[in-house]
Amino acid sequence: MASYIDSNLAAGEKVLYRTRKSKWTFSGDIIIGALLLPAFGAGLLVWLFGYLRYISTEMAITSHRVIAKSGFISRRTVELKLAKVESIQVDQSLFGRMLNYGTLIVSGAGNPQAPITGIANPLAFRKAYQEATE
């Protein structure tokens, strides 16, 4: 099964940088799942939903645009042409800085801000965007 990003690339468009949610953002799911495991396998459901959230969230910078997609059954996508992105903000908590994850807020011309939480290595994403636009 191809990823959303790979299946929606235009002719001649290449992925320059790709990222997902940080595995650290699922530590709560892992702990709750372990506590609920003896309760008739309810912990397995918590782990399954956490895993589905992990595999269904992806972000990429391509040669033409910034793409963010989240959701497994219902889907939320943000796609902005590189020239239309006004800013990419990075918000990191203390733990986010220590464990290298954070929230990316992509702002585009005429577009509301699009926050994507729990992204692995957000500073590398912002740097890849800067390199793609130079």
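The structure we're discussing is the one just above.
Here's a quick rundown of the structure. Note that the structure is predicted; figures quoted are calculated from it, not measured.

## Looking at the packing of helix α2 (residues 27-36) against helix α3 (residues 42-55)
Following both chains from N to C, one finds α2 and α3 inclined at 160°, their axes separated by 6 Å at the closest point. Between α2 and α3, the angle falls in the class roughly antiparallel. Our pair here, α2 against α3, has a crossing hand that is left-handed. Contacts between α2 and α3 involve Asp29, Ile30, Ile32, Gly33, Ala34 and Leu36 from the former and Ala42, Gly43, Val46, Trp47, Gly50 and Arg53 from the latter. Residue composition of the contact of α2 with α3, grouped by class: 7 nonpolar, 3 polar and 2 charged.

## Section: unusual backbone geometry
The backbone of asparagine 100 shows a phi angle near 60°, a positive value even though the residue is not glycine. Positionally, asparagine 100 belongs in the loop between α4 (94-99) and β6 (101-108).

## Quick word on the sheet that holds strand β2 (residues 58-62)
The 4 strands lie next to each other as β1-β2-β3-β4, forming an open sheet whose pairing is antiparallel. Looking along the sheet, the strands with just one partner apiece sit at the ends: β1 (15-20) and β4 (76-81). Between one strand axis and the next, the sheet turns by 10° as a mean value, whatever way the strands run. Note that β1 and β2 share 5 bridges and pair antiparallel. Bridge pairing links valine 15 to threonine 62 in β2. Of the strands in this sheet, β1, β2 and β3 (65-70) touch helix α5 (residues 122-133), which is tilted by about 20° from β2.

## Here we look at the pattern of salt bridges
Evaluation of the coordinates by the stated rule reveals 4 salt bridges. Ionic pairing is found between arginine 65 and glutamate 13, a salt bridge with its closest N-O pair at 2.8 Å. Of this pair, arginine 65 sits in strand β3 while glutamate 13 sits in the loop between α1 (4-7) and β1; the two residues are 52 residues apart in sequence, bridging distant segments of the chain. Like glutamate 13, arginine 65 is buried. Here arginine 65 makes a salt bridge to glutamate 79, at a shortest N to O gap of 2.5 Å. Taken together, the residues span a long stretch of sequence, with arginine 65 in strand β3 and glutamate 79 in strand β4 at a distance of 14 residues. Arginine 65 gets classed as buried once you look at its relative accessible area, which sits at 14%. You can call glutamate 79 partly exposed: its relative accessible area is 34%.

## Section: the packing of aromatic side chains
For the structure on display, the rule yields 2 aromatic pairs. An angle of 70° between the planes, with centres 6.0 Å apart, marks the rings of tyrosine 17 and phenylalanine 125 as edge-to-face. Placement of the pair is tyrosine 17 in strand β1 and phenylalanine 125 in helix α5, with a sequence separation of 108 residues. On the basis of relative accessible area, phenylalanine 125 is assigned to the buried category, the value being 0%. One Lys or Arg, arginine 20, reaches over the ring of tyrosine 54 and ends 5.9 Å from the middle of that ring.

How each quantity is defined
Residues numbered from 1 in each chain as written. Predicted model: local features only at pLDDT ≥ 70, side-chain atom pairs only at ≥ 80, totals over all residues. Heavy atoms only, no water. Axes fitted to C-alpha atoms, helices over the stretch in contact; angles between N-to-C directions. Helix = DSSP H or I, 4+ residues; strand = E, 2+ residues; numbered from the N terminus. Parallel < 35°, antiparallel > 145°, perpendicular 65-115°, else oblique. Left-handed = near helix turned anticlockwise from the far one by under 90°. Contact = heavy atoms within 4.5 Å. Nonpolar A, V, L, I, M, F, W, Y, C, P; charged D, E, K, R; others polar. Pairing = 2+ DSSP bridges. Salt bridge = Lys/Arg side-chain N within 4 Å of Asp/Glu carboxyl O. Buried < 20%, exposed > 50% of the residue type's maximum accessible area, 1.4 Å probe, protein only. Phe/Tyr/Trp six-rings, centres within 6.5 Å; stacked < 30°, edge-to-face > 60°. Lys NZ or Arg CZ within 6 Å of the ring centre and 35° of its normal.

So far we have only geometry, and geometry alone does not tell us how the molecule works.
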